[in-house]
Amino acid sequence: TVNGASNAATVFPVLGQFMKSRGVTSCGSIGYIESPSATAAVQAFGKSCQSQGLKVGYLNGVHFGSTDMSPVALAMKAAHVDGIWLATVPSTGFALAAAIRQVGLTPKAFLLTDGYGGDLLQSSAAVTAAQGFQFSSTGAPVEANTPATQVEVKNFAAVGETQTPTYAEQNA
């Protein structure tokens, strides 16, 4: 999906379309209070959902480094959020995923803006925790096996990297 990295305040209908395609009726998101771009991206996500006729149940911010997501999970549950998109780093996203599972919230869509790559796939705990997540990406992952990703794999192999590229390597 397109996550708006080039202009966080731009409303991309595709995010709302994605949520709607998953049967979502109420959207929720968090970003970082200290980050104007994350705050703008959260608001743009809400507008994207609204553009597709979806309710905005919860939009808010947390502090950088936040991992206590219980209050957010409870607020999302109270707001009947069933589609989540995050403008956060993976550690905050994984913490929210654990918290929503603990409070019994089962979203129809849980979309992280970053974090997918070989580093995630090499951790069995992370793979288990990420079950049911979707990840957006600035480019196709090597598993897509397109002509372009085949060249990427060949280039990585030429410098000794034979594992699935990490998130940072795929998005450099």
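Higher on the page you've got the structure.
Residues numbered from 1 in each chain as written. Predicted model: local features only at pLDDT ≥ 70, side-chain atom pairs only at ≥ 80, totals over all residues. Heavy atoms only, no water.

Asks: For this particular structure, what's the right way to read the packing of aromatic side chains?
Replies: In total, this model carries two aromatic pairs according to the counting rule given. Pairing Tyr 32 with Phe 64 gives two aromatic rings, centres 4.8 Å apart and planes at 40°, and the pair type is tilted. Here Tyr 32 is found in strand β1 (residues 26-32), whereas its partner Phe 64 is found in the loop between β2 (55-62) and α3 (70-78), with 32 residues between them in sequence. Each ring, one from Phe 45 and one from Trp 85, has its centre 5.3 Å from the other, and the planes form 20°; the classification is stacked. Of this pair, Phe 45 sits in helix α2 (residues 36-51) while Trp 85 sits in strand β3 (residues 83-87), placing them 40 residues apart in sequence. A relative accessible area of 1% places Phe 45 in the buried class. (Phe/Tyr/Trp six-rings, centres within 6.5 Å; stacked < 30°, edge-to-face > 60°. Helix = DSSP H or I, 4+ residues; strand = E, 2+ residues; numbered from the N terminus. Buried < 20%, exposed > 50% of the residue type's maximum accessible area, 1.4 Å probe, protein only.)

Asks: Quick question: what am I supposed to make of the environment of Val 89 here?
Replies: Of note, Val 89 is situated in the loop between β3 and α4 (90-102). For Val 89 and Tyr 32, which are 57 residues apart along the polypeptide, the C-alpha to C-alpha distance reads 9.5 Å.

Asks: Explain the environment of Thr 113 to me, please; I cannot follow it from the model alone.
Replies: Relative to the assigned elements, Thr 113 resides in the loop between β4 (109-112) and α5 (118-121). When the C-alpha atoms of Thr 113 and Leu 86 are compared, they prove to be 6.2 Å apart, with 27 residues separating the residues in sequence.

Asks: Explain the nonpolar core here, please?
Replies: As a rule of thumb, soluble globular proteins bury nonpolar side chains together. Grouped together as the largest cluster of nonpolar side chains are 39 residues, with contacts concentrated most on Met 19, Ile 30, Met 76, Leu 96 and Phe 110. The residues contacting Met 76, other than those within four sequence positions of it, are Gly 28, Ser 29, Ile 30, Tyr 58, Val 81, Ile 84, Leu 96 and Leu 105. (Core = buried A, V, L, I, M, F, W, Y, C linked by side-chain atoms within 4.5 Å. Contact = heavy atoms within 4.5 Å.)

Asks: Looking at this structure, how should I read the layout of surface pockets?
Replies: To locate leftover empty space, one rolls a probe as large as a water molecule over the atoms. Roughly 150 Å³ of internal volume is contained in the second largest pocket. Ile 100, Arg 101, Pro 107, Gln 131 and Gly 132 are, among the 13 residues lining the second largest pocket, the residues nearest its centre. Among the elements of the structure, α4 and β4 are those that each provide at least two residues to the lining of the second largest pocket. Here the element with the most residues in the lining of the second largest pocket is α4; it accounts for three residues. When the residues that make up the lining of the second largest pocket are grouped by side-chain class, the tally is seven nonpolar, four polar and two charged. (1 Å grid on protein atoms, 1.4 Å probe; cavity = no way out; pocket = protein on both sides within 12 Å on 5 of 7 lines; lining within 4 Å. Points joined across faces, edges and corners; volume = space filled by probe spheres on them. Nonpolar A, V, L, I, M, F, W, Y, C, P; charged D, E, K, R; others polar.)

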